[in-house]
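As a plain string of letters, each chain reads:
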Amino acid sequence: MEGINSEIIIVILATGIRLAAPFLLAALGEMFTQRSGVYNLGVEGIMMMGAFVGFFITLIGGSPLLGIAASLVVGALMGLLMAVVSVTFKAEQGISGIGLYMLGWGLSGLLFRLYVGAITTIDGLKPVAIPLLSDIPFLGPILFNQNGLVYSAFLLVPISAFILYKTTWGLNVRAVGTMPEAADTLGVSVQGIRYQCLIVGSMLAGLAGAFLTVGHANMYADNITAGRGFISIALVYFGRWSPWGIMLGALLFSMADSFQSMVQVLGINFPYELAVVLPYVITIFALAISFGRVWGPAALGKPFQRGTRG
Amino acid sequence: MNTQYRNIIKQITILLAALVGALLVGGIFLVLAKSDPVKAYTVMLTGPINDKFGITETLVRSVPLLLVGLGIIISFRSGIINIGAEGQMLAGAIGAAAVATSFSELPSMILMPLVFLAGMASGAFWGGIAGWLKTRLSVNEILSTVMLNQIALQLYLFLIRGPLIDPKEVSYGTGAPQTALIPEGIWLDRLIPGTRLHSGLILALVLAILTYLFLWRTSTGYRLRAVGEGPEAARYAGIKVERYVILAMVMAGGMAGLAGTVEVTGVHHRALEGISAGYGFSGIVAALFGRLHPLGTIPASILFGALLLGADMMQRAVDVPAAMVMAIQGLVVLFVVASDYFLMKPVNGARLKEKWLGKKIVTEGGE
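Residues numbered from 1 in each chain as written. Chains lettered and ligands numbered in written order. Predicted model: local features only at pLDDT ≥ 70, side-chain atom pairs only at ≥ 80, totals over all residues.

**Q** Hey, could you run me through the overall build of chain B in this one?
**A** Of the regular secondary structure elements, chain B holds 15 helices and 0 strands. Against the globule reference of 21 Å for 367 residues, chain B gives a C-alpha radius of gyration of 22 Å, in line with a compact fold. Principal-axis analysis of the C-alpha atoms gives chain B an extent of 75 × 60 × 35 Å. Here chain B holds 367 residues, and 50% of them are scored as buried. A fraction of 75% describes how many contacts in chain B between residues 6 or more apart in sequence connect residues 24 or more apart. (Helix = DSSP H or I, 4+ residues; strand = E, 2+ residues; numbered from the N terminus. Rg over C-alpha atoms; globule rule 2.2 N^0.38 Å. Buried ≥ 20, exposed ≤ 12 C-beta atoms within 10 Å, placed from the backbone. Contact = placed C-beta atoms within 7 Å.)

**Q** Which parts of the structure should I look at to understand the overall build of chain A?
**A** On a plain count of helices and strands, chain A comes out with 12 helices and 2 strands. Secondary structure elements of chain A, listed N to C terminal, follow the sequence α-α-α-α-β-α-β-α-α-α-α-α-α-α. Dimensions of chain A, computed from C-alpha atoms along their principal axes, come out at roughly 70 × 45 × 40 Å. In chain A, buried positions account for 53% of the 310 residues.

**Q** Mind showing me how you'd approach the interface of chain A and chain B here?
**A** Interfaces are often sized by the amount of accessible area the parts lose when they come together. Contacts between chain A and chain B engage 39 residues on the former and 38 residues on the latter. For the side of chain A that touches chain B, the secondary structure elements donating two or more residues are helix H4 (93-115), helix H10 (228-238) and helix H12 (272-289) of chain A. Looking at the side of chain A that touches chain B element by element, the count peaks at 15 residues for H4 of chain A. Of the residues belonging to the side of chain A that touches chain B, the class tally is 28 nonpolar, 7 polar and 4 charged. (Nonpolar A, V, L, I, M, F, W, Y, C, P; charged D, E, K, R; others polar.)

**Q** Please clarify how the nonpolar core should be interpreted in this entry.
**A** Most often, soluble globular proteins keep nonpolar side chains buried together rather than apart. Judged by nonpolar contacts, the single largest core of 215 residues is most densely connected at Leu24 of chain A together with Val332 of chain B. It is helix H9 (residues 190-217) of chain A that contributes the most residues to this core, 16 residues altogether. The residues touching leucine 24 of chain A, leaving out its near neighbours within four places in the chain, are Ala153, Phe154, Leu156, Val157, Met247 and Ala250 of chain A. (Core = buried A, V, L, I, M, F, W, Y, C linked by C-beta atoms within 7 Å.)

**Q** What is the right way to look at helix H1 (residues 2-32) of chain B in this model?
**A** For the α-helix, the turn length of 3.6 residues means that residues three or four positions removed from each other point alike. Residue and element names in this part refer to chain B. An ideal rise of 1.5 Å per residue puts 45 Å on 31 residues; H1 measures up with 45 Å between its terminal C-alpha atoms. Buried within H1 we find Leu15, Ala18, Leu19, Ala22, Gly26, Phe29 and Leu30. Following H1 by one or two positions, lysine 34 has its phi on the positive side, about 60°. (Expected span 1.5 Å × (residues − 1).)

**Q** Hey, could you run me through the environment of glycine 54 of chain A in this one?
**A** All names here are of chain A. Within the element layout of this structure, glycine 54 appears in helix H2 (residues 43-61). Glycine 54 sits in the buried class, given 33 other C-beta atoms within 10 Å. When the C-alpha atoms of glycine 54 and glycine 67 are compared, they prove to be 3.9 Å apart, with 13 residues separating the residues in sequence. Contacts of glycine 54, omitting those with residues within four sequence positions, involve Gly67, Ile68, Ala70, Ser71, Gly209, Ala210, Thr213 and Val214.

**Q** Help me out: how do you make sense of the packing of H10 of chain A against H12 of chain A in this one?
**A** What describes two packed helices is the angle between their axes and the distance between those same axes. Residues and elements named next belong to chain A. Contact geometry for H10 and H12: axes closest at 9 Å, N-to-C directions at 30°. For the element pair H10 / H12, the angle class is roughly parallel. Taken as a pair, H10 and H12 cross one another with a handedness that is left-handed. Contacts from Ile231, Ala234, Tyr237 and Phe238 of H10 reach H12 at Pro279, Thr283, Ala286 and Leu287. Here the contact of H10 with H12 is built from residues that sort into 7 nonpolar, 1 polar and no charged. (Axes fitted to C-alpha atoms, helices over the stretch in contact; angles between N-to-C directions. Parallel < 35°, antiparallel > 145°, perpendicular 65-115°, else oblique. Left-handed = near helix turned anticlockwise from the far one by under 90°.)

**Q** How should I be thinking about helix H11 (residues 241-268) of chain B in this particular structure?
**A** Helix length check: H11 of chain B, at 28 residues, gives a terminal C-alpha distance of 39 Å against a target of 40 Å (1.5 Å per residue), a fit within 8%. Looking one or two residues past H11 of chain B, histidine 269 of chain B carries a phi angle of roughly 65°, positive in sign.

Everything listed here is a matter of coordinates, which is why it stays silent on function.
This is the structure:
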């Protein structure tokens, strides 16, 4: 293949690794939420808010770390709202998630127009080269010259696996998502665990949004999330509710995403709109091939009411 | 009869409380954004009912809302959470515009039904994909419809920028992404001269009544609702659940496709960028606000049509971005689904009270 040298391959792969971060953060958060028995379909809206707030606070506060902290707070607030509606008021989770999506979409658009208005760039996170490791030929620049959020997102995979499978809290989460009645009998607070999972999951979604502005684009634009929140939910299915499965899926998607953007940069003659469609088509295929192998938390989507009959 | 009326009044009260609550929270956003909420809301809430222009434009916006809402009702009542109206509407718009511009020589009497059929069929096809994916490959319909929305949007943009672009735009070198005008013979009649109010309104109202009769007075409609109430029980009763899921999505897509067709033939007279204008989502809100009932969705569509128009007026008059209305609609959805908790079982309210205020549950006649 002439014209495609190893430098371009390194750029494609390094971008692919970087773009896996938002998928990982949002999908691992959603994994905990769904493991506790609640769908949070508002992830996209939370990401939009996280993206805007992360950008805006970085812009006025001067530090990307402030922006990241703010996106965690906004995520937690939106998760709390979702928990009140879906857990306490037992609303149909699919619909309340869409409400949260519309809220995040409208609010981020509103705040951007009121406070910023025009495309403005910020000083985002800088890559941190890991000594020695980043000097490895080929792999070094791909894996070990990323920003801190990318490393954190990948570290979160084993951490999530440890929390989910090896800690009491993880056991409680899994119990609440599979057999809430039994967990309740044993004194585990079903509502409490679900609140915690929704809030933690939403904080990660907010962080995923902030990554897009603070750790990747260094600016904010409408619809910067471009469906990544919904794709992250699909990744939870694709990865069958396991952190390692989710990582595999996230990498698959981010590599496709990176490749797709390179098609445009390299000037390959292919309609832009059809290249953009690729991730969404892959998502549908990914969901379709999970067919027949789908195992999910048994109580997923079912509100819990102590002492209900049947 | 008396209790039924009381129930309806209670529902309306709760819905309006949800709307007022959403507007109040929206007011807080406005204060945070250093805008004057009283001034902004005065424009937003009175603008649409001030004069002939406001009232007719409100109705113009309520037409796609009602059509989309009817599709949402059919799918939600069948147990399918269909978020795909936005994409189905785009499919309908481009299908209608493609047929109208390609066969513009045909007499209007023949072209008109063809265009409507093409618009409906395109939307139905796009909705049917999600139904097929759900029944054959157990793909979650919420995720598939969201993805299909994104795919439809990109294909739509590709078509109006490329293959279907108005030849005049190319020869003048302006290159605005829109199709050629459709023949004047198939433009929908304007009901009031000098306004944009078109006969699509009558079509939507008739379809609302037909949808009601279909869902509650035919055996197919009954089976659809049975599938929605409980697919396992429906299957046990001998209903072919898969067939009805696909049927519901085809019908829902057809309605949304019709909304796109009406926007092309009644309002813009061509397919252009941004034609769906968020109606696919606002239609969901209108349907939920109408308690997923076709007749309740008629006033709900008019209400949200006024809200959408009011938001545009607010943007022009006091410079508050119209994006605000999307946030308010999101809050309305959250408040309405949360309020179901009290509507379904009055005892739930007592439960909460007990938890927060330490009062005893009153369970007389609960359930």
